[in-house]
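One letter stands for each residue in the lines below.
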Amino acid sequence: MRVVFMGPPGAGKGTQAALLAAELGVPHISTGDIFRANVAEGTALGKEAQRYMDAGEYVPDTVTNAMVRDRLTHDDCRPGFLLDGYPRTVEQVAELDAMLRSAGHALDVVVELTVEIDEVVGRLVKRAAEQGRTDDSEDVIRRRLEVYAEQTAPLLTTYSDRGLLVQVDGMGGVEDVTSRLLAVVVVD
Ligand code: B4P
């Protein structure tokens, strides 16, 4: 199964994607996690990514696309994958289309987690207090939400037009959201 997870920062993508990928038996590929691992290891990719992430901006498409292209060639992606936080731009959609086409594959579903703005800000402010993520300060959160609205939200129309988009209510507790997700993605 080939799944894409979308939704604003703080919608619970990472939380739910990990649970769903385990349920589906496919790797959970989070571009944000890969960037953070590179930052922690001090790699050249991490150094480049960090300045964008800390400002609430997207890492350039050339960097992100090359990273995902490489990751999807790994053997564990043969049965499928769950992409969390990719694609986020028009160029990334085109690149993912090309990658899938050349492998003779197609996406099965694009899941949008919908959450009210006040709730996502509350979740990210709480995470900032608990984990100290440098991109969870209030100014950067505001910028991340703007970037999402400008660059990523329009992609939902693209996937809806293709008949791939499924919206799942991300409000409420983690277990409630997981139950809703499993009902639409796994049963389908
Ligand atoms: P991500 O790591 O994808 O960050 P995110 O959008 O905030 O989502 P995340 O998965 O962390 O949070 P979640 O909503 O699960 O990206 C970080 C940065 O990397 C981007 O800003 C960008 O710079 C860069 N990047 C990543 N992908 C890129 C791409 N394709 N192109 C360019 N740049 C890219 O959860 C948030 C919090 O809510 C957590 O603390 C969680 O515990 C909590 N939570 C979850 N569900 C909850 C619930 N039901 N109730 C209460 N709290 C809940």
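For the structure itself, consult the block above.
Residues numbered from 1 in each chain as written. Predicted model: local features only at pLDDT ≥ 70, side-chain atom pairs only at ≥ 80, totals over all residues. Heavy atoms only, no water.

1. Let's talk about the overall build of the protein
Heads up, the condition is: Going along the chain from the N terminus, every DSSP run of H or I of four or more residues is numbered as a helix, and every run of E of two or more is numbered as a strand. The size measure is the radius of gyration over C-alpha atoms, and the globule rule it meets is 2.2 Å times the number of residues to the 0.38 power. When accessible area is computed with a 1.4 Å probe and restricted to protein chains, residues below 20% of their type maximum are described as buried, those above 50% as exposed, and intermediate ones as partly exposed. His is not counted here, nor are the chain ends, while Lys and Arg score as positive and Asp and Glu score as negative. Working definition for charges: the position is that of NZ of Lys, CZ of Arg, CG of Asp or CD of Glu.
Secondary structure summary: the protein contains 8 helices and 5 strands in total. Helices and strands in the protein line up, N terminus first, as β-α-β-α-α-α-β-α-β-α-α-β-α. What you see for the protein is a C-alpha radius of gyration of 16 Å, in line with the 16 Å of a compact globule of 188 residues. The principal-axis extent of the C-alpha atoms belonging to the protein is close to 40 × 40 × 30 Å. Per-residue burial over the protein gives 44% buried out of 188 residues. Averaging the positions of the 19 positive and the 31 negative side-chain charges in the protein gives two centres separated by 4 Å.

2. Considerations on the environment of Ser-102
Its place among the elements puts Ser-102 in helix H5 (residues 90-103). Judged by relative accessible area, which is 63%, Ser-102 ranks as exposed.

3. Concerning the packing of helix H1 (residues 13-24) against helix H8 (residues 174-185)
Test applied: An axis is simply a line fitted to the C-alpha atoms; with a helix, the fit covers only the stretch in contact. Between two such axes, the angle follows the N-to-C directions and lies from 0 to 180 degrees. Angle categories: roughly parallel below 35 degrees, roughly antiparallel above 145, roughly perpendicular from 65 to 115, and oblique for all the rest. Helix crossings get a hand from a simple test, with the near helix turned counterclockwise from the far one by less than a right angle marking a left-handed crossing and a clockwise turn marking a right-handed one. For this analysis, residues touch if any pair of their heavy atoms sits within 4.5 Å. Each residue gets one of three labels, nonpolar for Ala, Val, Leu, Ile, Met, Phe, Trp, Tyr, Cys and Pro, charged for Asp, Glu, Lys and Arg, and polar for the others, Gly among them.
As a packed pair, H1 and H8 sit with axes 10 Å apart at the nearest point and diverge in direction by 45 degrees. One finds that H1 runs oblique with respect to H8. Our pair here, H1 against H8, has a crossing hand that is right-handed. Contacts between H1 and H8 involve Thr-15, Gln-16, Leu-19, Leu-20 and Glu-23 from the first element and Val-174, Val-177, Thr-178, Leu-181, Leu-182 and Val-185 from the second. Among the residues forming the contact of H1 with H8, the class breakdown is 7 nonpolar, 3 polar and 1 charged.

4. As for the packing of helix H2 (residues 31-41) against helix H3 (residues 44-55)
Axis separation between H2 and H3 bottoms out at 8 Å; the angle between their running directions is 115 degrees. Note that H2 runs across H3; the crossing there is left-handed. Facing Gly-32, Phe-35, Arg-36, Asn-38 and Val-39 of H2, the residues of H3 in contact are Leu-45, Gly-46, Ala-49, Gln-50 and Met-53.

5. Observations concerning the site of the ligand
So the rule is basically this: A cutoff of 4 Å decides nearness: a residue is near a molecule or strand if any of its heavy atoms lies inside that distance of it. Contacts described as polar in this section are N or O atom pairs within 3.5 Å, which, within protein, must combine one atom able to donate a hydrogen with one able to accept it, while residues neighboring in sequence count only if both atoms come from side chains. Method for areas: the Shrake-Rupley scheme with a 1.4 Å probe, in which residue coverage is limited to the protein chains shown.
The environment of the ligand is formed by 29 residues, the closest being Gly-12, Thr-31, Glu-57, Arg-88 and Arg-144. Thr-31 places a polar side-chain atom, nitrogen or oxygen, 2.7 Å from a nitrogen atom of the ligand. The side chain of Arg-144 places a nitrogen or oxygen atom 2.4 Å from an oxygen atom of the ligand. Bound to the protein, the ligand loses 88% of the 1000 Å² it would expose on its own. Looking at the shell around the ligand, the elements that each hand over two or more residues are H1, H2 and helix H6 (117-131). Sorting elements by how many residues they give to the shell around the ligand places H2 first, with 4 residues. Of the residues belonging to the shell around the ligand, the class tally is 9 nonpolar, 11 polar and 9 charged.

6. Quick look at the pairing of strand S1 (residues 2-6)
Operational definition: Whether two strands pair depends on DSSP finding at least two bridges between them.
When you tally the buried positions in S1, you get 5 out of 5 residues, the bulk of the element. Both faces of S1 are covered, namely the face carrying Arg-2, Val-4 and Met-6 and the face carrying Val-3 and Phe-5. Note: S1 against strand S3 (residues 81-84), 4 bridges, orientation parallel. In the strand pairing of S3, Phe-5 is matched with Asp-84. Across 4 bridges, S1 lies against strand S4 (residues 109-114) in parallel orientation. Counterpart to Val-3 in the pairing with S4 is Val-109.

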